[in-house]
Amino acid sequence: MQAFQATQVYFDRAADLLGMDEQIRCALLTAKREVRVQIPVEMDDGSIRTLLGYRVQHDNSRGPMKGGLRYHADVDLDEVRALAALMTWKTAIVNIPYGGAKGGITVNPGTLSSKELERVTRKFVDQIHDVIGPQVDIPAPDMGTNYRVMSWLRNQWEKYHGFGPACVTGKPVEHYGVPGREEATGRGVGILAFKLIRRLGKQPRDIRVAIQGFGNVGTHTAKFLHEADFKVVAISDVSGAYVRENGLDIPDALRFALAHRGKLTGYANADHIPGDQLLTLDVDLLIPAALGNVITEQNVAAIQAEIILEAANGPIHPAADLVLQERGVTILPDILANAGGVTVSYFEWVQNLQHYKWGLDRVRQELDLVLSTAFEQVWQEAQEARISMRASAYKLAIERVHRATLLAGF
Ligand code: NAD
């Protein structure tokens, strides 16, 4: 199943609950604009490489479109289209005045020098600058991109349009970024994990956690949960999984990763097991925070966790999702679970437009407020309608986008 088909399955399940007719479904699912551009770049050795870049703008009925920019070898139009639609539902659930978009370039950034990465980014902006901007579509970091890429993006966009730091978020704090953006997604996952287990009548100290992925999202999630007294017993990255039955020393693992270019390779203060075994460990809470489609029909029977928080985008295949639902596993869906990042991106954009700076405490307080409000709405709807939190989150989001679309008129 292609990535967009998977998001459509979840959309359709919620649209069925709403009794939505086929014409409206089609209007809400079809992207407003899809751009594919050629990016010819001169490499450091003088050769020319031609890359492909995409920007899909899914919906703008609730505000300017918003979504990350991914540099990865597997990026294609279908994946970008799926992620753009997820952004529309995500911004609607947390009720920030944005629509959804996503972009990407099919390239492994690890194979490029810093200068090549900069040239690729600037060339991409040359091709799409007239369809993005502070009031139209605002990119942000995603897999394979970071604050430096966002800085180049802003600088190149401003060459065409003049001063406008709100044209992109996830910028360095020195360049109109906000404190707390980098931690925001992982912190949000932590805040929501806390809310969820309290609603389930459990205490953090009784919850054994496994986290897949130790990058931006995984590290900040681990840090937050460790500080909140959860017992993080397993973490993983591309080098495999690291397990300690009595709970890992997360500050120690973070220091190790920091000293080893972000990797856990060689981490000796835990038992090392193959990476995919992390997913099937006997834990209470499983947090996939790396790739999409990691829980599938093939491994779903072996999943033991009773609670899953989707920190990554699309980690559960729809067929596996049905099996988990039937088994009574509580799943907090990606469109709510990882919405902390876009929420703090929104704060950055607001501050850029107002030329006003918030401190870290205010950013964290407002993030907590936005996520807690969204969580309570999704939780209540799920309880009252006796549906999964995924169905309730999609239902809430689709209703908001549908209503905004009707109010504006077709
Ligand atoms: P990242 O590139 O910083 O980190 C990815 C991590 O996953 C790395 O530790 C990498 O080693 C690990 N990994 C890769 N393949 C793996 C495998 N097979 N098994 C175990 N670990 C593996 O990326 P990120 O920004 O942390 O994003 C992670 C996920 O969260 C993605 O799905 C992304 O779309 C989603 N997300 C990120 C943000 C954000 O603000 N960064 C916001 C919303 C959603």
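Keep in mind the model is a prediction, meaning the values are calculated, not measured. (Residues numbered from 1 in each chain as written. Predicted model: local features only at pLDDT ≥ 70, side-chain atom pairs only at ≥ 80, totals over all residues. Heavy atoms only, no water.)

**Regarding the sheet that holds strand E12 (residues 330-332)**
Inference 1: Taken in spatial order, the 7 strands line up as E9-E8-E7-E6-E10-E11-E12 in an open sheet, and their pairing is mixed. Sheet topology places strand E9 (271-273) and E12 at the edges, where each strand pairs with a single neighbour. Ignoring which end each strand starts from, the neighbouring axes of this sheet average 20° apart.
Inference 2: As judged from the 2 bridges shared by strand E10 (residues 285-288) and strand E11 (residues 307-309), these two strands associate in the parallel manner. Pairing of leucine 286 across the sheet is with isoleucine 308, part of E11.
Inference 3: On the sheet, helix H6 (residues 184-199) packs against E10, E11 and E12 and is oriented at approximately 155° with respect to E11.
Inference 4: Sitting on the sheet, helix H7 (residues 216-227) is in contact with strand E6 (208-212), strand E7 (231-237) and E10, with an inclination near 165° to E6. (Pairing = 2+ DSSP bridges. Helix = DSSP H or I, 4+ residues; strand = E, 2+ residues; numbered from the N terminus. Axes fitted to C-alpha atoms, helices over the stretch in contact; angles between N-to-C directions. Contact = heavy atoms within 4.5 Å.)

**Brief notes about the site of the ligand**
Inference 1: Surrounding the ligand, one finds 21 residues, the nearest of these being Arg70, Thr185, Asn216, Val217 and Asn313.
Inference 2: Note that an oxygen atom of the ligand is positioned 3.4 Å from one of the side-chain N or O atoms of aspartate 142.
Inference 3: At the level of secondary structure, the elements contributing two or more residues to the shell around the ligand comprise H7 and E7.
Inference 4: Classifying every residue of the shell around the ligand by side-chain character gives 9 nonpolar, 8 polar and 4 charged.
Inference 5: When residues of the shell around the ligand are assigned to domains, at least three map to each of domain 1 (3-163) and domain 2 (184-328). (Near = heavy atom within 4 Å. Polar contact = N/O pair within 3.5 Å; in protein donor to acceptor, adjacent residues only side chain to side chain. Nonpolar A, V, L, I, M, F, W, Y, C, P; charged D, E, K, R; others polar. Domains from an automatic or database assignment.)

**Here's the deal with H7**
Inference 1: If you check H7, its first and last C-alpha atoms are 17 Å apart, about what 12 residues at 1.5 Å a residue would give, namely 16 Å.
Inference 2: Regarding H7, the residues found buried are Val217, Gly218, Thr219, Thr221, Ala222, Phe224 and Leu225.
Inference 3: Backbone geometry just downstream of H7 places aspartate 229 in the positive-phi region, at approximately 85°. (Expected span 1.5 Å × (residues − 1). Buried < 20%, exposed > 50% of the residue type's maximum accessible area, 1.4 Å probe, protein only.)

**As for the nonpolar core**
Inference 1: Core analysis: the largest hydrophobic core is formed by 105 residues, its most contacted members being Trp89 and Ile295.
Inference 2: No other element matches helix H12 (residues 360-385), which puts 9 residues into this core.
Inference 3: For this core, the two domains that each supply at least three residues are domain 1 (3-163) and domain 2 (184-328).
Inference 4: Formed by 25 residues, the second largest nonpolar core is a distinct cluster that contains Leu69, Ile105, Val120 and Val125. (Core = buried A, V, L, I, M, F, W, Y, C linked by side-chain atoms within 4.5 Å.)

**Description of the pattern of salt bridges**
Inference 1: On inspection of all chains with the given rule, the structure shows 22 salt bridges.
Inference 2: Between glutamate 118 and lysine 115 there is a salt bridge whose closest N-O contact spans 3.6 Å. You can see glutamate 118 and its partner lysine 115 sitting in helix H4 (residues 114-128), 3 residues apart, about one turn around the helix.
Inference 3: Glutamate 366 is the salt-bridge partner of arginine 362, the closest N and O atoms lying 3.3 Å from each other. Here the residue arginine 362 and the residue glutamate 366 both occupy positions in helix H12, the gap between them amounting to 4 residues, near one helical turn.
Inference 4: For glutamate 366, a relative accessible area of 27% translates into the label partly exposed.
Inference 5: When salt bridges with common partners are traced through the structure, they connect Arg13, Glu310, Asp321 and Arg390 into a single cluster. (Salt bridge = Lys/Arg side-chain N within 4 Å of Asp/Glu carboxyl O.)

**Brief notes about the domain arrangement of the protein chain**
Inference 1: Domain assignment breaks the protein chain into domain 1 (3-163) and domain 2 (184-328).
Inference 2: Measuring from the centre of the C-alpha atoms in domain 1 to the corresponding centre in domain 2 gives 27 Å.
Inference 3: Listed as interface residues are 10 residues of domain 1 and, on the opposing side, 9 residues of domain 2.
Inference 4: When residues of domain 1 are sorted by the area they lose upon contact with domain 2, Tyr10, Arg13 and Met143 head the list and together hold 59% of the total. (Buried area = accessible area lost by both parts, 1.4 Å probe.)

**Structural notes on the sheet that holds strand E3 (residues 65-72)**
Inference 1: Here 5 strands make up an open sheet; going across it, the order is E1-E2-E4-E3-E5 and the pairing mixed. Each having just a single partner strand, strand E1 (33-42) and strand E5 (137-141) make up the two edges of the open sheet. Adjacent strand axes in the sheet meet at a mean angle of 20° when their direction is disregarded.
Inference 2: Where E1 meets strand E2 (residues 48-59), 10 bridges bridge the pair, whose relative direction is antiparallel.

**Describing the packing of aromatic side chains**
Inference 1: Within this structure, the stated rule accounts for 11 aromatic pairs.
Inference 2: Plain terms: the ring middles of tyrosine 10 and tyrosine 394 are 6.0 Å apart, the flat faces sit at 45° to each other, and that makes the pair tilted. Residue tyrosine 10 is found in helix H1 (residues 3-18), and its partner tyrosine 394 is found in helix H13 (residues 389-408); the two are separated by 384 residues along the sequence.
Inference 3: Judged by its relative accessible area of 8%, tyrosine 10 is buried.
Inference 4: Judged by relative accessible area, tyrosine 394 falls into the buried class, the value being 1%. (Phe/Tyr/Trp six-rings, centres within 6.5 Å; stacked < 30°, edge-to-face > 60°.)

**Looking at the pairing of strand E4 (residues 99-106)**
Inference 1: Counting buried positions over the 8 residues of E4 gives 7, a clear majority of the element.
Inference 2: Relative to E4, E3 runs parallel, the two sharing 6 bridges. Its bridge partner being in E4, tyrosine 71 is matched across the sheet by isoleucine 105.

**What to know about helix H9 (residues 318-326)**
Inference 1: All of the buried residues along H9 are Pro318, Ala320, Asp321 and Leu324. Relative to the axis of H9, the buried residues are bounded by an arc of 150° and lie together on one face.
Inference 2: Phi for glycine 328, located one or two positions after H9, is positive at around 85°. (Arc of directions from axis to C-beta.)

**Quick notes on the side chain of serine 392**
Inference 1: Tracing the sequence through the fold places serine 392 in helix H13.
Inference 2: Those residues in contact with serine 392, other than ones at most four positions away along the chain, are Val378, Glu381, Ala382 and Ile387.

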